[in-house]
Amino acid sequence: MKTYLPWSADLALGIPEIDNQHQLLVAMINRIYDALIHKAPREEAGCLLQELVDYTAVHFALEESLFRITDYPGYDTHKALHEHLKQQVMDTHRRFADGQMNLDLQLMAFLRSWLEDHINGEDRAYVPHMMNTGIRLKDDSRGWLERFLNSMGRKAIA
Ligand SMILES: [Fe+2]
Ligand SMILES: [Fe+2]
């Protein structure tokens, strides 16, 4: 079956822990598409949208904590944008749950650009800053990001 939003090098930022989280968001959007194709019960699609809402909050919180500990100058702007994006996906879920909106290709196109535009726009813009903070000091040693994630309790974000 066709994957709606295939993961590709175009979406990768080159920071493995962040790319893993972005891949999970992509996988969630693909599951929502599968639910559309298979005409899954409305309730099931609603659960998938709720999962996307929840994991979006986790991922954004992780990025924002990285911005704080690295003194990212774009913190305020990026955080405000996250709030806006969170609101958009929450509204989508609510309207779907209320029956004001159906799972269709228009909704899929919205979710695709909602994620892709952010990754390739504002997220890609923080990569040079993160790289400068020594996120990967040596190829053969674990970067501080991985140690940080482990110290937060990996299960919470996996
Ligand atoms: Fe992101
Ligand atoms: Fe972001």
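Further up the page is the structure itself.
Basis of the calculations
- Residues numbered from 1 in each chain as written.
- Chains lettered and ligands numbered in written order.
- Predicted model: local features only at pLDDT ≥ 70, side-chain atom pairs only at ≥ 80, totals over all residues.
- Heavy atoms only, no water.
- Donors = N, O, S within 2.8 Å, 3.2 Å for Na, K, Ca; no water.
- Buried < 20%, exposed > 50% of the residue type's maximum accessible area, 1.4 Å probe, protein only.
- Tetrahedral: all angles 85-135°; square planar, octahedral: opposite > 155°, others 65-115°.
- Phe/Tyr/Trp six-rings, centres within 6.5 Å; stacked < 30°, edge-to-face > 60°.
- Helix = DSSP H or I, 4+ residues; strand = E, 2+ residues; numbered from the N terminus.
- Lys NZ or Arg CZ within 6 Å of the ring centre and 35° of its normal.
- Expected span 1.5 Å × (residues − 1).

Engineer: I'd like a rundown of the coordination of the iron ion (ligand 2), residues and numbers included.
Structural biologist: Ideal coordination angles are 109.5 degrees for a metal with four donors arranged tetrahedrally and 90 or 180 degrees for a metal with six donors arranged octahedrally. Looking at the iron ion (ligand 2), one finds its protein donor set to be Glu 63 (OE), His 78 (NE2), His 82 (NE2), His 118 (NE2) and Asp 123 (OD), positioned 2.1 to 2.3 Å from the metal centre. Donor residues for the iron ion (ligand 2) sit on one chain with the sequence pattern E-x14-H-x3-H-x35-H-x4-D. A separation of 3.6 Å is found between the iron ion (ligand 2) and the iron ion (ligand 1), which are bridged by Glu 63. For Asp 123, a relative accessible area of 0% puts it in the buried group.

Engineer: I'd like to hear about the coordination of the iron ion (ligand 1), residue by residue, with values.
Structural biologist: Protein coordination at the iron ion (ligand 1) comes from His 22 (NE2), His 59 (NE2), Glu 63 (OE) and Asp 123 (OD), with a distance range of 2.0 to 2.2 Å. Note that the iron ion (ligand 1) binds four donor atoms; their angles at the metal cover 84 to 172 degrees, and the shape is irregular. Between consecutive donor residues of the iron ion (ligand 1), the sequence gaps follow H-x36-H-x3-E-x59-D. His 59 sits in the buried class, given a relative accessible area of 1%.

Engineer: Go over the packing of aromatic side chains with me, naming the residues and quoting the values.
Structural biologist: A full pass over the atoms with the stated rule returns four aromatic pairs. Their ring planes at 40 degrees and their centres at 4.8 Å tell us that Phe 67 and Tyr 72 sit as a pair that is tilted. For the pair Phe 67 and Tyr 72, one class covers both residues: buried. When the centroid spacing of 5.2 Å and the interplanar angle of 65 degrees are considered together, the rings of Phe 67 and Tyr 126 count as edge-to-face. Taken together, the residues span a long stretch of sequence, with Phe 67 in helix α2 (residues 42-69) and Tyr 126 in helix α4 (residues 105-132) at a distance of 59 residues. Of the two residues, Phe 67 and Tyr 126, neither departs from the other in class, the shared state being buried. Taken together, the ring pairs in this structure connect Phe 67, Tyr 72 and Tyr 126 into an aromatic cluster. Sitting over the ring of Phe 96, Arg 42 keeps its end group 4.2 Å from the ring centre. Positioned above the aromatic ring of Tyr 4, the side-chain terminus of Arg 112 is 4.5 Å from the ring centre.

Engineer: Residue-level account of α2, with values.
Structural biologist: Taking 1.5 Å per residue as the helical rise, α2 with its 28 residues ought to reach 40 Å, and the 41 Å between its terminal C-alpha atoms agrees with that figure. After α2 finishes, the residue Asp 71 shows a positive phi value of roughly 55 degrees.

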